[in-house]
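Single-letter residue listing:
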Amino acid sequence: MGSDVLTERAWGSASTSDPSSTRTTNGAHGLRTASDATLPDPTPIIPYWSAKRHLTCGNPAPRSSSARLFPWRGSAPGKLKTANAALVLCLNIDVDPPDIIKTNPCAALECWVNPHSLPSHKALEAIGSNLQHQFEGLSLKIPYKPILDPSYEDLRRFCLTLRKQAKDETVCFYYNGHGVPKPTPSGELWCFNRNYTQYIPVSLMEVQTWLGSPGVYIWDCSAAGHLLSNFITFAERRDQDTFTTRGGYADGMQPYINSLQLAACATHEQLPTCPELPADVFTSCLTSPIDIALRYFIMTHHLPNNITPDMVMQLPGDLKDRRTPLGELNWIFTAITDTYCVDHVPSGQRIMKNYHCTPHTHPPLPATNTHQLWAAWDLALDTCLRQLPELLAKSPGAPNSPPSPIIGTGARSGHSGQRGSSGAPNTEKPYQYIPSRFFTDQLTAFEVWISRGGSALTKRGPLSLPLQNGGDRCDTPDVVNGTTAPDADLVPRKPPDQLPIVLQVLLSQPHRLRALILLSQFVDLGPWAVNLVLTIGIFPYISKLLQAAGQDLRPVLIFIWARILAVDPSVQVDLYNTGGFKYFANVLATQEDNELPNSSEHKAMCAFILSAVARDFYNGQMACWRERVFDACSERLEEGDFLLRQWSALCIAQIWDSNDEVKVYGVDRGIQDKLILMLSDDSPEVRSAVLYALSTFMGAAGGKGQGGAGTGTQYQLEERIHFRMEVAVATGATLAVRDDASPMVRKELLVLISCLVREWRGHFVVCAWMYWEEDRRWRAGEPQTHHHHHAEEEVTAQALAEWLDGFGDDEGSREENRVLLSSFFTIFVVLMELTIDPYHEVATLAQTVMDYIFALLLASPFAKLNLVPPLPVDYKPAGANGVHSRVSSAQGSPLIQHPPSPSLSRPSNTLRRTSSFANTLRHLAGSIPFPSGDEARASPSPVPSSLSRSDVLVASRPPSPNFNVAQYASPYSRPPTPSRDKERDLASPPVSPTAGTATFLPSHVIEALVEEDMVRLRARRREGAHGRRSAGSGLGHAGGSAGGGLNSPCESTFSMDSNVSNVPLGCGTGNGLRDVLPLKSSFFAWCCEYFTEPQMRQTEADEPGSVQYNYQVWRQQRNEQVITETQKQAIVAESSRWDRPVANLHVNSHPLCMAMHAYDPHLVIANDNDMIRFAVWDWTQRKRLNHFCNGNPKGTSITSLQIINQDVGGIIMTGAADGIVRLYRNYDPTVNQGPLQMVSSFRALHELIRVRRGSGLVLDWKQSGGTLLVGGDSRIIRVWDAHTETQVLDLETNCESPVTSITSDQGSSSTFIVGFADGLVKVFDRRLEEEDAIVRSYHDHHSWVQNVKYHPRISGQFLSGSLAGEVRLWDLRGSDTAIQAWDLHHTGLSAFDVHSQTGVFATTSALTPANFRHQRLMVHSISDSLLLSTLSLPTGLNAYPSRPPTPYIPRHTSFAFHPMEMLYAIGQPDGSVKITGCKLT
């Protein structure tokens, strides 16, 4: 019952569908201990933008170069395969050697035979036969040759024969020298002459020459240390000579020093002569350990019932039957010696050491004669032997039958035979043997190790995990939770001694489940634990268990196999060869969830295992396909658990990666359409996984290959249907996630787009040319080029019309091609937007794709068209501050006349540039002149290093995201080689893409580019028609070879178009361009890390007693204390003065936006300079903690500032006038959480409108629900969900004026209030339909509403303040007029805010030409209408500013109340910030 409960707890993890969770919480540690009860129970707090995906953005954590896994397959380093063995016995029975003085009585037994009980020649033969049988008990695969009392010539002949037979494999040489003199100090052993009248010395040099290398040597004689030490000396000499004369050994031969040696004693020691022990005690320890252990135990322990050695040797049972006493002891002894084998220690040290002999080995090994497990062995022996009298008395056979005459006292009947089992039947009931508790106790000890700090890290030392591969680090990641771990110098603890014993227990049915559960808890500790159990030999055990039919083993086996494959993916071949993958395929296909606890989570593990089997392994893909894994995964895409949905999509991705057959199968079942519908999933991980699956479908590499070849041959589809399908997949995915708030999702979208760009590059070159012309048309509005405007705006329209006219009267083809090109143009515009994505890694990848298209455009025939003169170098785009909206150009495109869907009618209307498309293209090309007809095949020059992309986008660099690993890949492969011609080109103005001379028209180029794309598709399809990949192709991908030789721009064919002469077919002039596409995704590797992280224990932050846990408990107690104190202060503050000076800061800039942390003494300030810098101050210490740039373009400013997750620390959220929301963590360096990082960034509003006086971006954050409301210069208010990182809904404002302020109730209410620039105040309810969402409107204000705030004390009431100086109090349940009004500043209002805890609001006066040197601050009580304080604050201005510091903020000063304490901060134009508080006493 206990084990069943443990199984439920260990494998009953409560998998959650919350996509923000970083791991599924496992129930193995769900019960609270007594120590937990003494700690405060922290209130569950949900920190947003703090999951693993935010810390890594889908990039796997880097690992130390020395953290390589220890090889565990086949032969470990130094392990030798033995071909044969020589058992040399030099006994010369009845003749004692001259240098040995034997005691009387003396040890006599040799191989358990008394040599004096038989004639000498028969005794020698019996001893040789027994020795051979004993060695065969170790391994039956090795042929053993007994060599009895050999002469020198016989010894030489046998040794040479053994080496000849062994070839390059190992020879084992056993030497028993009990009947000859001791080895000499010079390294000589002894044998006989042919007449046995002399002892003949044999040098080890000769033995080495005869036996060669490699070898295993066992020296059982007195002074055996002489042989071991001299062998090493001779071996080193031989190896040195060989390396000096011949440069090393031939292939297959190893150095002599690699030979293994076991010596019975040291140079000055003599073998034991105790009569109770055999003379060859060292050999007995090696070959018959149970017999010698039993004999040694009764010699050293006092047992009841007068148990004798003869009785011990009658112990019933079979060595191979673990259910018998003898078999159980053998099993226990094997488990103990396996534990020692982890340290490579022989088991004979314990007995030999007791008789003043020290066995030696080479390589030297540590001693284990005092190991603690010997006590457990003694207990097992004691338990067994105490039952021996009863066992013998009630055994079926005669208990005291005489031994065989050949075998002496303590005889054994062989390893596999029964002992004490013959005789007449006994009618008495047999004795029921009580098994040992050894394995139960060892499992308990292992469980205690795991539950009492097994996962804890420790410093390097004797109690730490031993080094592997000789490295200086264990397999521990260098990063934890996305930041450098503060305890990076700590390593895992040394594993428990019981680990090999746990593996032995897997052989026992009664203990198997418990052992597997403990093993699963151990491998859950990390990759180092998985590698350790693989190294000590778990793999054969765990592989055989896949054939077990027990339902109770399913959860634990799935868990362990998931960990193994996450650490060592090469196991995929083993699962394929043995058919073990079918085990997991059956579980995944199971429909009944009640058969498996935590069904969804374990099915997700199965999907991961099967995806690992299929990854980069064609045979694995086809095997999974045949087992209907693909169908099972498609059915699981709609499951409720996000982890199962995620891994189902990833498994589909790996099965059809570069596999035409499976892709055809998937298309026939509409899997790609099903995946596109999943792009609205709530989980960012699922959306990324779906994009990853679509990317591999479109040709991205899911493994190590380069990728390419699109969706494969799709031989079952018509050519045009195939074309439309690929475009539809990319277009549908682009429109679904282009506005996704997760940078990880946008990264995967770029990988998908790059696949389409690679296969249909001609269409994208056409789109780039059209975009160029649209940009040129916009620039042609300047006076100097106005006379060209009318003619130029017809270029693209005329070219498209002529191209479409080529389809004749086929209206269907005309419309189809126009819609397809419109889809390409939509994707192209989205790609342009992503090149200026606020997340640096996304922008870098997008720039790689876009520059590839630009390079093709520069090399295309468009470069030869002579339409307009080149632009001057000093040209600058028009518009305020150089910002140009792409609304007009995109909407004015001829492609958008009759869009196929409403989404395509507005491909991009918020793409803003700090320089025009022309300048961007010019900086890409640098000084590369567009190729003329003679230079069509010449490789373009690379980009000059002096013209970097930083010159294009004039923006400050914000803090980098964590794991920012994306690298820009240039389409040009040649390094810069400056020359005089190049320098002359640099001095000359760049040439426009439309410069040059040509005899063809743009429509001809469009036709040629489109036709080349179709030629590439036909070549791909022909490859499928002439023979697809064979089933035996094994590992690898088709890579880029599936494109029929047309996969690279430099490999594009040239042909003459049938309608137009001298037009090269497509992009053939792009020689020298690199294949930088498709992009490579690291998302799968990142997802695999989930199965290397602990899942069955709490995170460090949730572990009571950890530093992180204690810190959060302290924060919670501190926060509760602050809340308690401020609640008391709030009552007094409503009637007290607010003029107590607290702190004065000088920030060296104009503070425009400020935010104060609720619990920490932090003040965040955004200034007005071009760098858009932040400053984080500790206002209690008057010290600046940090400063950094936000990264928004020049000409925009930060218009909103929030601090979120304040309960657990804080993340700074900014909203800027460019429509971007950015989030930053680790801004407080005093906490030592790591470097400052950008957590995430996304475009919160696309539909920004150009107004003369805008508000930029206005944010309202609701911590309790994770909701972000976004408004501003837009006619919509967008609601974002921080859980899912998606937009929930868009609400129309029904107002032409921008949104100036938003406030929401911090409770559970779904209503929020919005102020507008025209004075309107509206109340929205998110629960209603979009057209009915506005539930109230208030019109009392007639000017810009500066702020709206809820009443801090009375529910249903809110306040608003306008720039006209009016403050109104409203009641949502009352009429549409204000219930109270204040006219405070007749000259205008600058700032208005309401304290969130007490009924107090504050206003500041506007600066006027008559009064700009001082500003009036008024603090009012809401309930009593009392003016609590009036302050006149100096502004520090010497002249009246004609306009505000930024066009988006209509005020010169900033003001902010503290969220909790009775404080406020006011910032002045001279850079001073005053912190003032309430006089509470």
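Rules used throughout
Residues numbered from 1 in each chain as written. Predicted model: local features only at pLDDT ≥ 70, side-chain atom pairs only at ≥ 80, totals over all residues. Heavy atoms only, no water. Helix = DSSP H or I, 4+ residues; strand = E, 2+ residues; numbered from the N terminus. Buried < 20%, exposed > 50% of the residue type's maximum accessible area, 1.4 Å probe, protein only. Contact = heavy atoms within 4.5 Å. Areas by Shrake-Rupley, 256 points an atom, 1.4 Å probe, with all protein chains shown as cover. Expected span 1.5 Å × (residues − 1). Patch = residues over 30% accessible without salt bridge, like charges linked within 9 Å, V, L, I, M, F, W, Y side chains within 5 Å. Salt bridge = Lys/Arg side-chain N within 4 Å of Asp/Glu carboxyl O. Lys, Arg positive; Asp, Glu negative; His and termini not counted. Charge placed at Lys NZ, Arg CZ, Asp CG, Glu CD. Pairing = 2+ DSSP bridges. Axes fitted to C-alpha atoms, helices over the stretch in contact; angles between N-to-C directions. Parallel < 35°, antiparallel > 145°, perpendicular 65-115°, else oblique. Nonpolar A, V, L, I, M, F, W, Y, C, P; charged D, E, K, R; others polar. Phe/Tyr/Trp six-rings, centres within 6.5 Å; stacked < 30°, edge-to-face > 60°. Lys NZ or Arg CZ within 6 Å of the ring centre and 35° of its normal. pLDDT = per-residue confidence, 0-100. Left-handed = near helix turned anticlockwise from the far one by under 90°.

**Some remarks on the overall build of the protein**
If you tally the helices and strands in the protein, you get 42 helices and 42 strands. Classification of the 1481 residues of the protein by burial places 59% in the buried group. The contacts of the protein with a sequence gap of at least 6 include a subset with a gap of at least 24, amounting to 70%. Carbon and sulfur atoms make up 52% of the accessible area of the protein, which amounts to about 58600 Å² in all.

**Quick word on helix α30 (residues 719–737)**
Here α30 spans 28 Å end to end across 19 residues, near enough to the 27 Å set by a 1.5 Å rise per residue. All of the buried residues along α30 are H722, F723, M725, E726, V727, V729, A730, T731, A733, T734 and V737.

**Here's the deal with the environment of G1254**
Considering the arrangement of structural elements, one finds G1254 in the loop between β23 (1237–1243) and β24 (1257–1262). The spacing of G1254 and D1273 is 19 residues in sequence and 5.8 Å in space, taken between C-alpha atoms. Residues within four places of G1254 in sequence aside, it is in contact with D1273, P1298, W1344, P1447 and Y1448.

**A word on a negative patch on the surface**
Together, E1292, E1329, E1330, E1331 and D1332 make up a negatively charged patch on the protein surface. With respect to the helices and strands, the residue E1292 is situated in strand β27 (residues 1286–1292).

**Topic: the sheet that holds strand β17 (residues 1162–1166)**
Read from one edge of the open sheet, four strands run β16-β17-β18-β19, paired in antiparallel fashion. Two strands in the sheet have a free side with no partner beyond their single neighbour: β16 (1153–1156) and β19 (1183–1189). Within this sheet the neighbouring strands show an average axis-to-axis angle of 15 degrees, counted without direction. Examined bridge by bridge, β17 and strand β18 (residues 1173–1178) share five bridges and lie antiparallel to one another. Bridge pairing in β18 places L1163 opposite W1177.

**Observations concerning the sheet that holds strand β15 (residues 1140–1146)**
Spatially, β15-β42-β41-β40 is the arrangement adopted by the four strands of the open sheet, whose pairing is antiparallel. Every interior strand has two partners, whereas the edge strands, β15 and β40 (1454–1457), have only one. Each strand axis lies, on average, 15 degrees off the axis of its neighbour in the sheet, ignoring direction. Sheet topology places strand β41 (residues 1463–1467) next to strand β42 (residues 1472–1477); five bridges connect them, and they run antiparallel. Bridge pairing in β42 places I1466 opposite K1474.

**Examining helix α18 (residues 527–535)**
In terms of burial, α18 is largely enclosed, as eight of its nine residues are buried. Along α18, the residues that are buried comprise P527, W528, A529, V530, N531, L532, V533 and L534. Elements in contact with the buried residues of α18: β12 (491–492), α16 (499–505), α17 (509–523), α19 (538–544) and α20 (554–567). Looking one or two places after α18, you find G537, whose phi comes out positive at around 105 degrees.

**Observations regarding the pairing of β27**
Judged from the six bridges that link them, strand β26 (residues 1276–1281) and β27 form a sheet pairing that is antiparallel. Looking at β27, one finds that W1280 is bridged to Q1287. Hairpin connection from β26 to β27: four residues lie between these consecutive antiparallel strands, with E1285 at a positive phi of about 55 degrees.

**Observations regarding the pairing of strand β32 (residues 1345–1350)**
Of all six residues in β32, five are buried, a share of seventy percent or more. Where β32 and strand β33 (residues 1357–1362) come together, five bridges link them in antiparallel fashion. Note on β33: the bridge partner recorded for V1348 is S1360.

**Re the packing of helix α23 (residues 599–614) against helix α24 (residues 618–626)**
In the contact formed by α23 and α24, the axes pass within 7 Å of each other and the chain directions differ by 135 degrees. What the angle tells us is that α23 and α24 run oblique. In this structure, α23 contributes L610, V613 and A614 to the contact, and α24 contributes G620, Q621 and C624. Broken down by class, the residue content of the contact of α23 with α24 amounts to four nonpolar, two polar and no charged.

**Quick notes on unusual backbone geometry**
The peptide bond linking N104 to P105 adopts the cis configuration, its omega dihedral lying at 0 degrees. In this fold, P105 is placed in the loop between β1 (82–89) and α4 (120–138). In this structure, the amide linkage connecting H362 to the following residue, P363, adopts the cis form with an omega of 0 degrees. Relative to the helices and strands, P363 is located in the loop between β8 (360–362) and α13 (373–385). With a phi angle near 55 degrees, K167 is a residue other than glycine that sits in the positive phi range. Mapped onto the secondary structure, K167 falls in the loop between α5 (152–166) and β3 (170–176). On the accessibility criterion, K167 (64% relative accessible area) is exposed.

**What about the packing of aromatic side chains?**
Taken as a whole and assessed by the stated rule, the structure comprises 57 aromatic pairs. On the basis of an interplanar angle of 85 degrees and a centroid distance of 5.4 Å, the ring pair of Y576 and F617 is categorised as edge-to-face. One end of the pair, Y576, is in helix α21 (residues 571–578); the other, F617, is in the loop between α23 and α24, and 41 residues separate them in sequence. Relative to F1091, the ring of Y1090 has its centre 5.0 Å away and its plane inclined at 85 degrees; by these criteria the two rings are edge-to-face. Of the two residues, Y1090 and F1091, neither departs from the other in class, the shared state being buried. Through successive ring pairs, a cluster of aromatic residues spans F608, W647, Y692, F1083, F1084, W1086, Y1090 and F1091. A cation over an aromatic ring shows up here: R563 above the ring of F559, its NZ or CZ 3.9 Å from the ring centre.

**Focus on the pattern of salt bridges**
The full count for this structure, using the stated rule, is 48 salt bridges. One salt-bridge network, in which partners are shared between bridges, spans E726, R758, E759, R1020 and D1075.

**Quick word on the confidence of the model for the protein**
Counting all residues, the mean pLDDT for the protein is 79, and 79% of those residues have values of 70 or more. The weakest mean pLDDT in the protein belongs to helix α1 (residues 2–11) at 33; the strongest belongs to helix α29 (residues 684–697) at 97. Contacts from residues 469–486, a stretch scored under 50 in pLDDT, to residues over four places away or in other chains number 47 contacts. Within the model, pLDDT remains below 50 along residues 782–789, and this stretch shows eight contacts once partners closer than five positions in the same chain are excluded.

**Structural notes on the packing of helix α31 (residues 743–759) against helix α36 (residues 840–859)**
Viewed as axis vectors pointing N to C, α31 and α36 meet at an angle of 15 degrees, and their least axial separation amounts to 9 Å. As the angle between them shows, α31 and α36 are arranged roughly parallel. Seen along the crossing, α31 lies across α36 with a hand that is left-handed. Seen from α31, the contacting residues are P743, R746, K747, L750, S754 and V757; seen from α36, they are E841, V842, L845, A846, V849, Y852 and I853. By residue class, the composition of the contact of α31 with α36 is nine nonpolar, one polar and three charged.

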